[in-house]
Amino acid sequence: TRLPMDLSVIIVSYNVSSFLDQALATLEESAKGCAHEVFVVDNASSDDSVEMVRRKYPGVRLIENSHNRGFAAANNQAIALASGRYVLLLNPDTVLRRDTIPAMISFLDAHPETGCAGCKVINPDGTLQLACRRGFPSPGVAFFKMAGLSDLFPKSRTFGAYNLTYLDPDVTAEVDAVSGSFMMIRKAALDRVGFLDETFFMYGEDLDLCYRIKQDGWKVHYIPETEIIHFKGESTKTVPTLKNVRDFYTAMHIFVEKHHRGSFRLFPRRLLIAGIYLRMAVGYGIRFLVSMKRPLFDLLLLNLSLFLGIAMRFGLAADNLQPY
């Protein structure tokens, strides 16, 4: 007889073959002893992702899309087929520890009130990835985030509410939301609240799902007893950077419109929406300046070289600088 399935792992991939290979290898090691299934949903990659999965991981259930359907829609394709008690949404640019899967399943087994949980997520340099635990962008929280006050006062419970920077990163905590890079969800919760909202093409769908899970009475927990490494942004490097900025702030707009239409007696909703798009414009400007950094530096070096060349050839003596 077939054992009950503990876990269904879903990885949405787009042109990250080497990272996907690494994620699948570490997942395979971490999930030993756990009855599980793995789905890879490929969003029309142009690299060898599909061939690599077929060749090296024949047990993976591969779904090939003819075009990029976005993160939410691709995950939903596999969620509809998942049979595990828990569903893990996992980014392809991640590395799991051996204890990651058993630690997370043990926590959820011991806390039936928890509908969703995420582990500690760290950057390749060992620093905490702030997005692994978040507060919901209420009018006040969104304003403090967009105004930069959350960066100025990270330890403040008021100003640091979006990324919960006032919490000890090594202590288990009930939070509003965890990151879609590693999100383990109780299937019973998904059956009640529904799948990911496909209105969100990229960014925001994890926040929205956590919101609906909490609205249904479940808890969301951040679990730092285990951790993963997330090479953040690898899945979107082939997408123009300015488009990423636009998608992020569009997702914030969608979230606010969906969940906070009636929450603006003291804070006009239109003002917040204007703030979101103002922040997006600032993001565009910063990205543009960053992209121009090398040409501007080259121009500075060219002018400095020209100045030094003239100085060495004609000298900078005071009499050479006097007017005729």
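Residues numbered from 1 in each chain as written. Predicted model: local features only at pLDDT ≥ 70, side-chain atom pairs only at ≥ 80, totals over all residues. Heavy atoms only, no water.

## Structural notes on the nonpolar core
Rules: Grouping buried Ala, Val, Leu, Ile, Met, Phe, Trp, Tyr and Cys residues that are joined through side-chain atoms within 4.5 Å yields what is termed a nonpolar core. Burial status follows relative accessibility: with a 1.4 Å probe on protein chains alone, a residue under 20% of its type maximum counts as buried, one over 50% as exposed, and anything between as partly exposed. Two residues qualify as a contact provided that any one of their heavy atoms is within 4.5 Å of a heavy atom in the partner residue.
Core analysis: the largest hydrophobic core is formed by 69 residues, its most contacted members being Leu 7, Leu 24, Ile 101, Phe 182 and Met 184. Not counting residues up to four positions away in its chain, the partners in contact with Met 184 are Leu 7, Tyr 86, Val 87, Leu 88, Ile 101, Met 104, Ile 105, Leu 108, Gly 115, Cys 116 and Ala 117.

## Quick look at the packing of helix 1 (residues 17-30) against helix 2 (residues 49-56)
The condition that has to hold: Angles run from 0 to 180 degrees between N-to-C directions of axes, and those axes are lines fitted to C-alpha atoms, restricted for helices to the stretch in contact. Strands are runs of DSSP state E lasting at least two residues, helices are runs of H or I lasting at least four, and both sets are numbered from the N terminus onward. Should an angle lie under 35 degrees it is considered roughly parallel, over 145 roughly antiparallel, and from 65 to 115 roughly perpendicular; all remaining angles are considered oblique. Crossing handedness: left-handed means the near helix sits turned counterclockwise from the far one by under a right angle, and right-handed means the same turn made clockwise.
Between helix 1 and helix 2, the shortest axis-to-axis distance is 9 Å and the interhelical angle comes to 30°. In terms of axis orientation, helix 1 runs roughly parallel to helix 2. Considering the relative orientation of helix 1 and helix 2, their crossing is right-handed. Here Ser 17, Leu 20, Asp 21 and Leu 24 of helix 1 lie close against helix 2, whose contacting residues are Ser 49, Met 52, Val 53 and Lys 56.

## Considering helix 1
Because an α-helix packs 3.6 residues into every turn, residues spaced three or four apart end up facing the same way. Worth spelling out the cut-off: The length a helix should cover is 1.5 Å for every residue beyond the first.
Taking 1.5 Å per residue as the helical rise, helix 1 with its 14 residues ought to reach 20 Å, and the 20 Å between its terminal C-alpha atoms agrees with that figure. Of the positions making up helix 1, those classed as buried are Ser 17, Phe 19, Leu 20, Asp 21, Ala 23, Leu 24, Thr 26, Leu 27 and Ser 30. Packing partners of the buried residues in helix 1 comprise strand 1 (7-13), strand 2 (36-42), helix 2, strand 5 (94-96) and helix 4 (100-110).

## Examining the confidence of the model for the chain
Our working rule: Within a predicted model, pLDDT stands for the predictor's per-residue confidence, ranging from 0 to 100.
For the chain, the average pLDDT comes to 83, and 69% of its residues sit at 70 or higher. Low pLDDT, under 50, characterises residues 235-240; the stretch is placed with ten contacts to residues that sit more than four places away or in other chains.

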